[in-house]
Every structure is written in C-alpha cells, then in structure tokens.
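# Reading the structure
This is what each chain is made of:
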Amino acid sequence: MFDPESLKKLAIEIVKKSIEAVFPDRAVKETLPKLNLDRVILVAVGKAAWRMAKAAYEVLGEKIRKGVVVTKYGHSEGLIDDFEIYEAGHPVPDENTIKATERVLELVDQLNENDTVLFLLSGGGSSLFELPAEGVSLEEIQKLTSALLKSGASIEEINTVRKHLSQVKGGRFAERVFPAKVVALVLSDVLGDRLDVIASGPAWPDNSTSEDALKVLERYGIEISESVKRAILRETPKHLSNVEIDLIGNVQKVCDEAKKLAKEKGFNAEIITTSLDCEAREAGRFIASIMKEVKFKDRPLKKPAALIFGGETVVHVKGNGIGGRNQELALSAAIALEGIEGVILCSAGTDGTDGPTDAAGGIVDGSTAKTLKAMGEDPYQYLENNDSYNALKKSGALLITGPTGTNVNDLIIGLIV
Ligand SMILES: Nc1ncnc2c1ncn2[C@@H]1O[C@H](COP(=O)(O)OP(=O)(O)O)[C@@H](O)[C@H]1O
Ligand SMILES: O=C(O)[C@@H](CO)OP(=O)(O)O
Ligand SMILES: [Mg+2]
C-alpha cells in the first residue's frame, strides 16, 4: 500500500501538521481575552516570541503601551506595530542578548504597582534573555554555557547553573518588575513543564539552590573561577508575590496531534512516551527495536502502526562533527533499521532547528545506512564523530523546515507498514 517515497511523505506531513497545531498563536488568542488586561507593557522572550507577540497584538492592540520582542537570529518575521524587535545569540548568549535585556530592564524599572508586564515566554529564553550577575562577565557565561551544552547535562541541570549566575533568571526578573505585576503566558519545551526550568524561569520562584548548581558543575567536571563561585553562592528568590502564569502549550499537545493525524490516515497509533530523555543514540536504537517488534511480531501494535515519542534527549558531544540530538537519534536508528522495508523514522525539533545546524532533524528508513555504505562511507564512524548532519545529508535523510516560530521540544514518529 505504501512505497518508500509515499511513506516518507506521509511521515513528514504528520510531523509538519502536528507542529502547526502547536503554533502559539491560537493558544495566545484563546487565553488573553480571559485575563482582563489593560495598558500593559509586553515583553516576549524565546524562540516563539515573535509569533506570541504578534498574536497578543492582534488581541490587545492599543492596550499594549510598549512592546519588546527578543528572539533568536532568523526567528522574527517583520514589524509588529512599533514594538522593538531584537534578535540575539542561541544557544550561547551574545552582546545582543545583553543589549535587549538591558532595554527590557530599563522599561520595567519605571513601573509602579498599578502596572502589568505581559510576559510571553518560550524556550530559548535562557540564551536570549540574560544580564550576568554582578562580578560575572558575558565571556564567562559563554564559556560555561558551551561546556555545559556539550557535557550531556540535562536542561534542568544546565539551567540550575544559569539561574545562579544571572540578574534575570530564577525569578529575579519578576523580583525586578515588583511592585508591578507579571502576567505570563508560557510555552513549554521542558519535560514535566517545570516553570522554574523553562527559559530558566525568569518569573517563577527557583526550586534549585546554590549547592545544587555547584554539584552540577562538579558532576560534569567543569571548573569555575572564584568570582563565578561567589555569584553562585548568592541564592535565587524562593517566593514571589507578583506573578500569575498560564501554560499554553507543551510536548503532550504535539504528540496528541500526531496520534490523531496518524489515526486519520488509518494507522494504529500510540504515544509511547512524552518524556524521552536518555542519550540520543540510545533512544534511536531502542525506538528502532520497538519498530522491529511491530514489523515482525505485530506487537505492541498491529501494522500499519505509528509509534509516537515526545521528549528531549541529550548528547555527550565528543567528536568534532556537526549535528543535533534529533539527527543523532535518527542516524542511530538508521543503523539499527538497515535493510528493513516498510519502516520510517522521523525525529524533529519542533522549533525547526536541531543543534547548530540548518536542519530540524532526520528522516531515515531501511535504505539510509545502505546508501551510505554504497558510497564507501561508514555510518558508525559518523555517529562516533557526532557528525550526524553530514551522514544524513549524504544519504538524503535531513529534515529541513526552517524556524517554525514555536518550540515544544522534540517529536519522534515511527511508521511501520
Ligand atoms: N555535533 C553534534 N551532534 C549532536 N548534538 C550536538 C552536536 N553539537 C551540539 N549538539 C547538541 O545540540 C544541543 C543544542 O541544540 P538545540 O537544537 O539548539 O537545542 P534546543 O532546541 O534545546 O535549544 C546541545 O545541547 C548539544 O548537546
Ligand atoms: O531556554 C532554555 O532554557 C531552554 C529550555 O526552555 O530552551 P532551549 O533548549 O530552546 O534553549
Ligand atoms: Mg531545549
């Protein structure tokens, strides 16, 4: 019923449509009218900031006194009224991060108890919204962030450190806004939707401590200077009285949509997990093993079947190749699925960019590893060198969408016919 090309097309269609279903526009437009807002200062931060701000403008119009948007390079789509729009570095902050954050702080410093900041927050915010703690330089933050990102530490662990080195993370932004109020809409790209972890929780009391942050650094063998240590020892706020938060989207929603779409196409579909969080290559191998069980034993689902996974894997980057966690997962699955017909696996970052590459992820089948081998290339070597981007590029298995304007973690779909 499905030739490899049409199966591939279908997988891509399900992934793209599921991502569209978690564009933040709809949720922002549904939620805002219930909040009775008047005369707000809008601050939008994160990879989905532009879309969230645009939707808020369409609902609130002149009720927004001033708007500032801070997003990743290439993630804004034009002017919104007279809003100030900044693009900055991600996943490592840069000078523009600081410039934009200083501008936001300058605005909120003028507010009083009658004012409200409408804070539209999405993942990516940790890198886009930052003013280093006293005694810490941007360079030190950059070095530490790069080391943590390659260490295999989880986002919770990484942000535990970031929160203790910042004037805006870990609830310190809300503290700075006080006595004005913060009304926040949050799009989650963190497993478990932890409000103190998403974008390092600028407007949520911090659940982590200075000691936790030091332990993370020790666990991953990352050395710090005396001034960084002094900053970490200054504790983040544990209580905030001026914040109201609504969660407007998460990985669960994108998985639900994928399941619905797969069922509509006649597949037996099941969400296996929405909290996949192990090493990417292990996840790829394990998912491939379940796909083989379906293929050859018709369990836990009968063919045609769609297995859906949501989450955020980690990568210990040891090689000097380029790639991302979705591409690495896909390459690892491709090796395990070699030669099998009627299977396809697509792994995608819902934000449209996976690691420091222009791909959203990978889409692989039984022919991917074979194609590489026929070219005289060894897929294992690419995996070993964390060079999934080049392996998938050579075998025509990259998924390219461009920035999507949303960000709810990673979606993985396996189709078996
Ligand atoms: N060569 C590589 N292969 C696989 N993963 C990589 C590579 N280089 C960086 N990464 C991973 O990419 C992550 C950042 O990817 P990104 O897609 O920007 O994350 P997020 O979508 O969560 O912001 C880093 O945490 C790092 O683990
Ligand atoms: O900003 C952050 O801290 C994380 C999690 O929210 O997002 P991203 O992984 O996209 O950088
Ligand atoms: Mg992330």
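Residues numbered from 1 in each chain as written. Chains lettered and ligands numbered in written order. Predicted model: local features only at pLDDT ≥ 70, side-chain atom pairs only at ≥ 80, totals over all residues.

### Looking at the overall build of the protein
Along the protein, the regular secondary structure elements total 16 helices and twelve strands. In terms of overall dimensions, the protein is globule-like: its C-alpha atoms have a radius of gyration of 22 Å, near the 22 Å expected for 417 residues. Taken along the three principal axes of its C-alpha coordinates, the protein extends 65 × 50 × 35 Å. Per-residue burial over the protein gives 56% buried out of 417 residues. In the protein, of all internal contacts separated by at least 6 residues, the share reaching a separation of at least 24 is 82%. (Helix = DSSP H or I, 4+ residues; strand = E, 2+ residues; numbered from the N terminus. Rg over C-alpha atoms; globule rule 2.2 N^0.38 Å. Buried ≥ 20, exposed ≤ 12 C-beta atoms within 10 Å, placed from the backbone. Contact = placed C-beta atoms within 7 Å.)

### Examining the site of ligand 1
In the vicinity of ligand 1 lie 19 residues, with L149, V315, G323, G355 and N386 positioned nearest. Here the shell around ligand 1 is composed, by residue class, of six nonpolar, nine polar and four charged. Here the shell around ligand 1 spans two domains, and each of domain 1 (4-19 + 252-416) and domain 2 (37-249) adds at least three residues to it. (Near = placed C-beta within 6 Å. Nonpolar A, V, L, I, M, F, W, Y, C, P; charged D, E, K, R; others polar. Domains from an automatic or database assignment.)

### Side note on the packing of helix α12 (residues 280-297) against helix α13 (residues 325-336)
Packing of α12 against α13 brings their axes to within 7 Å, and their N-to-C directions diverge by 40 degrees. Taken together, the axes of α12 and α13 lie oblique to each other. Where α12 crosses over α13, the two elements pack in a sense that is right-handed. Note on element contacts: α13 touches α12 through R325, E328, L329, A330, L331, S332, A333 and A336, opposite A280, R281, A283, G284, R285, I287, A288 and S289. Considering only residue class, the contact of α12 with α13 consists of nine nonpolar, three polar and four charged. (Axes fitted to C-alpha atoms, helices over the stretch in contact; angles between N-to-C directions. Parallel < 35°, antiparallel > 145°, perpendicular 65-115°, else oblique. Left-handed = near helix turned anticlockwise from the far one by under 90°.)

### Re the UniProt feature "domain: MOFRL-associated" (unreviewed entry) in the protein
UniProt's feature table lists "domain: MOFRL-associated" (unreviewed entry) at residues 12-231, given in the numbering used throughout. The span residues 12-231 carries 42% helix and 15% strand; its end-to-end C-alpha distance comes to 46 Å. (UniProt positions renumbered as here; feature names shortened; annotations may be inferred.)

### Structural notes on unusual backbone geometry
Between H90 and P91 the backbone carries a cis peptide bond, its omega angle lying at 5 degrees. With a phi angle near 55 degrees, N36 is a residue other than glycine that sits in the positive phi range. For N36, the position within the fold is in the loop between α2 (24-31) and β1 (40-45). Of note, N386 is a non-glycine position whose phi angle comes to about 50 degrees, a positive value. You can see N386 is positioned in the loop between α15 (379-384) and α16 (388-394).

### Topic: the domain arrangement of the protein
Per the domain assignment, the segments of the protein are domain 1 (4-19 + 252-416) and domain 2 (37-249). Facing 16 residues of domain 1, the contacting portion of domain 2 comprises 19 residues. Across the side of domain 1 that touches domain 2, the residue classes tally to five nonpolar, seven polar and four charged.

### Quick look at the site of ligand 2
Around ligand 2, the surrounding shell holds 15 residues, and the nearest of these are G123, G124, S126, I198 and A199. Listed by contribution, the elements that provide at least two residues to the shell around ligand 2 are α5 (125-128) and α7 (155-163). Looking at the shell around ligand 2 element by element, the count peaks at three residues for α5. Residues that form the shell around ligand 2 fall into these classes: five nonpolar, eight polar and two charged.

### With respect to the confidence of the model for the protein
When the pLDDT values of the protein are averaged, the result is 97; 100% of them are 70 or greater. Under the prediction, the complex receives an ipTM of 0.97, its pTM being 0.93. (pLDDT = per-residue confidence, 0-100.)

### A closer look at the nonpolar core
Membership of the largest hydrophobic core comes to 138 residues, with the highest contact counts inside it found for A53, A56, L120 and I413. If one sorts the elements of this core by residue count, helix α3 (residues 49-60) sits on top with eight residues. Built from parts of two domains, this core gets at least three residues from each of domain 1 (4-19 + 252-416) and domain 2 (37-249). (Core = buried A, V, L, I, M, F, W, Y, C linked by C-beta atoms within 7 Å.)

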